Amino acid sequence: MFQSVITGVGYYVPEHVVKNEDLIQYMDTSDEWIRERTGIEERRYAHRTQETTTTMAVEASKKAIEHAGLTTVDIDFIVFATLSPDYYFPGCGVLLQRALKMKEIGALDVRNQCSGFVYALSVADQFIKSGMYKNILVVGSEKHSFGLDFSTRGRNISVIFGDGAGAAVLQASDSTERGVLSTHLHSNGDEAEILAMYNPGTHANYWKDTPFANFDEAEIGQMFMSHSMIDHAQNFPYMDGQSVFKTAVVKFPEVIMEALNHNHLQPSDINLLIPHQANLRIAQFVQKKLKLRDDQVYNNIQRYGNTTAASIPIALAEAWEQGKIKEGDLVCLAAFGSGFTWGSALIRW
Ligand code: UT7
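Everything numeric here is computed off the predicted structure, so don't read it as measured data.

Calculation rules
- Residues numbered from 1 in each chain as written.
- Predicted model: local features only at pLDDT ≥ 70, side-chain atom pairs only at ≥ 80, totals over all residues.
- Heavy atoms only, no water.
- Helix = DSSP H or I, 4+ residues; strand = E, 2+ residues; numbered from the N terminus.
- Buried < 20%, exposed > 50% of the residue type's maximum accessible area, 1.4 Å probe, protein only.
- Polar contact = N/O pair within 3.5 Å; in protein donor to acceptor, adjacent residues only side chain to side chain.
- Contact = heavy atoms within 4.5 Å.
- Near = heavy atom within 4 Å.
- Nonpolar A, V, L, I, M, F, W, Y, C, P; charged D, E, K, R; others polar.
- Pairing = 2+ DSSP bridges.
- Axes fitted to C-alpha atoms, helices over the stretch in contact; angles between N-to-C directions.
- 1 Å grid on protein atoms, 1.4 Å probe; cavity = no way out; pocket = protein on both sides within 12 Å on 5 of 7 lines; lining within 4 Å.
- Points joined across faces, edges and corners; volume = space filled by probe spheres on them.
- Salt bridge = Lys/Arg side-chain N within 4 Å of Asp/Glu carboxyl O.
- Phe/Tyr/Trp six-rings, centres within 6.5 Å; stacked < 30°, edge-to-face > 60°.
- Lys NZ or Arg CZ within 6 Å of the ring centre and 35° of its normal.

Colleague: How do you make sense of the side chain of asparagine 306 when you look at a structure like this?
Modeller: With respect to the helices and strands, the residue asparagine 306 is situated in the loop between helix H11 (301-304) and helix H12 (311-321). Assessed through its relative accessible area of 4%, asparagine 306 is described here as buried. Separated by 2.8 Å, the side chain of asparagine 306 and the backbone nitrogen of threonine 308 make a polar contact. Beyond its immediate stretch of four places on either side in the chain, asparagine 306 contacts Ile40, His144, Ile160, Phe161, Gly162, His276, Gln277, Ala278 and Ile301.

See the structure below:
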């Protein structure tokens, strides 16, 4: 069996910096509220017309492929995680394949929101371990700024999210020392509606738990999206933040411990934990619960906000660039989010 080794990482964030103060012109919020509740100081927003989820992924991918010492023709499979695709369909995987002028390789799209990158990495790891592919490009990218409610109505969500992309190249290796040790994936759809974007979708109010399930049959018609849905802000994400928070602080430590126990390791063995950047308060809670030192946890939500599927690969690439990950280090990735879905990966770098 082969081992999958991450040989290249890269990230891209748009130039445009949006500070907390900048949001005050659109909604009733404050720098103090955002910093205190989330730790976020600023985030990046993509250019409205010149940048997409895919174009940001292209930039991150180019860096990851170059860092791996490969060229685009060496990549034999793409796994692309996003909740903000360029098109409803097809997914961003094929758009990335086209933009990078890759040969006719497979491209898989993963829809697991904040856990998207961990799920994508796990899929790539299985393909490599089974011998099916040798060089897989795993990407997480989001252009949230295009789909947020910037009125006061949407403030609990819109202040959190930012745009960006991160990528990693996984390569088959016969090393017995390095590579992805294990990945652990979970889901529980009981709370699917508490962090979700309902439209465009085909649910037509079938799932009565949807907080806005209040349209009559005539209004629903056969449309993914009606004027009324837009009037009721149903084209924006919805989140019951407190419920998500309460579950996140349980599931993060649980899934990290699952990975450590599986490999007969303990929290003190971790050189760097990269939690999905959902909220600095969640990351701090997890750090405290696992008794980790500051230098064992990497956070950059202060500068980029929550970039969903992109947050882990951006942080991974940034931490590597800063010399915080060295060969032989034990790196733990962990994520929790909409679905709910959650997961972890343990990597010997
Ligand atoms: O990455 C995917 C997973 N997502 C997460 O893990 C997010 C988890 N949840 C959270 O991070 C937090 O719940 C939030 C940061 C989203 C919200 O913080 P909170 O402390 O749970 O606030 P809340 O939603 O309970 O709202 C508290 C108050 C409310 O006002 P009242 O009713 O007490 O008067 C909100 O209207 O804060 C108000 N509020 C705001 N005020 C200023 C909500 N958003 C804002 C805002 N600025 N942006």
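Colleague: Is there a simple way to think about the site of the ligand in this case?
Modeller: Around the ligand lies a shell of 21 residues, among which Thr29, Arg37, Gln242, Asn279 and Asn306 are the nearest. A distance of 2.6 Å separates an oxygen atom of the ligand from a polar side-chain atom of glutamine 242. Within the side chain of histidine 276, an N or O atom sits 3.0 Å from an oxygen atom of the ligand. Breaking the shell around the ligand down by element, the ones donating at least two residues are helix H2 (31-38), helix H6 (155-158) and helix H9 (241-262). Looking at the shell around the ligand element by element, the count peaks at 4 residues for H9. Of the residues belonging to the shell around the ligand, the class tally is 10 nonpolar, 8 polar and 3 charged.

Colleague: Teacher, can you tell me more about the sheet that holds strand S8 (residues 179-187) here?
Modeller: The pairing of strands in a sheet comes from backbone hydrogen bonds and takes either a parallel or an antiparallel form. With mixed pairing, 4 strands are arranged side by side in an open sheet as S8-S13-S12-S11. Each edge of the open sheet is held by one strand with a lone partner, namely S8 and strand S11 (272-275). Between one strand axis and the next, the sheet turns through 10 degrees on average, direction left out of account. This element, H9, spans S8, S11, strand S12 (330-337) and strand S13 (341-348) of the sheet and lies at about 150 degrees to S12.

Colleague: How should I be thinking about unusual backbone geometry in this particular structure?
Modeller: Peptide bonds are, in most cases, trans, and in most cases residues other than glycine have a negative phi. The omega torsion of the bond from phenylalanine 89 to proline 90 falls at 0 degrees, within 30 degrees of zero and hence cis. The step from asparagine 199 to proline 200 runs through a cis peptide bond, and the omega angle for that step is 5 degrees. Along the polypeptide, proline 200 turns up in the loop between strand S9 (195-196) and helix H7 (217-220). For glutamine 113, which is not glycine, the phi torsion reads 50 degrees and is therefore positive. Inspection of the secondary structure assignment puts glutamine 113 in the loop between strand S5 (106-110) and helix H5 (116-129). Within the chain, threonine 308 stands out as a residue other than glycine whose phi angle is a positive 50 degrees. For threonine 308, the location among the structural elements is in the loop between H11 and H12. Assessed through its relative accessible area of 1%, threonine 308 is described here as buried.

Colleague: Sorry if this is basic, but what is going on with the layout of surface pockets here?
Modeller: One water molecule sets the probe size; rolling that probe over the atoms shows where empty space is left. Taken as a whole, the largest pocket holds about 1400 Å³ of empty space. Lining of the largest pocket is provided by 45 residues; of these, Leu83, Ser84, Pro85, Arg111 and Met197 occupy positions nearest its centre. Counting residues per element, the ones that place at least two in the lining of the largest pocket are S5 and S9. In this structure, the second largest pocket spans a volume of roughly 520 Å³. Together, 26 residues line the second largest pocket, and Met239, Gly241, Gln242, Phe245 and Asn279 are the ones closest to its centre. Of all elements in the fold, only H2, H9, helix H10 (280-289) and S12 reach the threshold of two or more residues within the lining of the second largest pocket. Sorting elements by how many residues they give to the lining of the second largest pocket places H9 first, with 7 residues. When the residues that make up the lining of the second largest pocket are grouped by side-chain class, the tally is 13 nonpolar, 8 polar and 5 charged.

Colleague: Explain the environment of valine 73 to me, please; I cannot follow it from the model alone.
Modeller: Considering the arrangement of structural elements, one finds valine 73 in the loop between helix H3 (53-67) and strand S4 (77-81). Assessed through its relative accessible area of 48%, valine 73 is described here as partly exposed.

Colleague: Whenever I open this one, the pattern of salt bridges confuses me. Can you help?
Modeller: Side chains carrying opposite charge are able to pair once their charged atoms draw close together. Enumeration over the complete set of coordinates arrives at 9 salt bridges. Between glutamate 41 and arginine 35 there is a salt bridge, and its shortest N-O distance comes to 3.7 Å. For glutamate 41, a relative accessible area of 33% gives the class partly exposed. The residue lysine 251 makes a salt bridge to glutamate 254 at a minimum N-O spacing of 3.1 Å.

Colleague: Got a minute to help me understand the packing of aromatic side chains in this structure?
Modeller: The relative placement of two aromatic rings is captured by the distance of their centres and the angle of their planes. What the rule picks out here adds up to 9 aromatic pairs. With a centroid separation of 5.3 Å and 80 degrees between ring planes, the pair formed by phenylalanine 127 and tyrosine 133 is classed as edge-to-face. Connected via pairs of aromatic rings, a cluster forms that spans Phe252, Phe336, Phe340 and Trp342. Stacked on the ring of tyrosine 11, the Lys or Arg lysine 63 has its end atom at 5.7 Å from the ring centre. Note that lysine 143 overlies the ring of phenylalanine 146, its terminal NZ or CZ placed 4.4 Å from the centroid.

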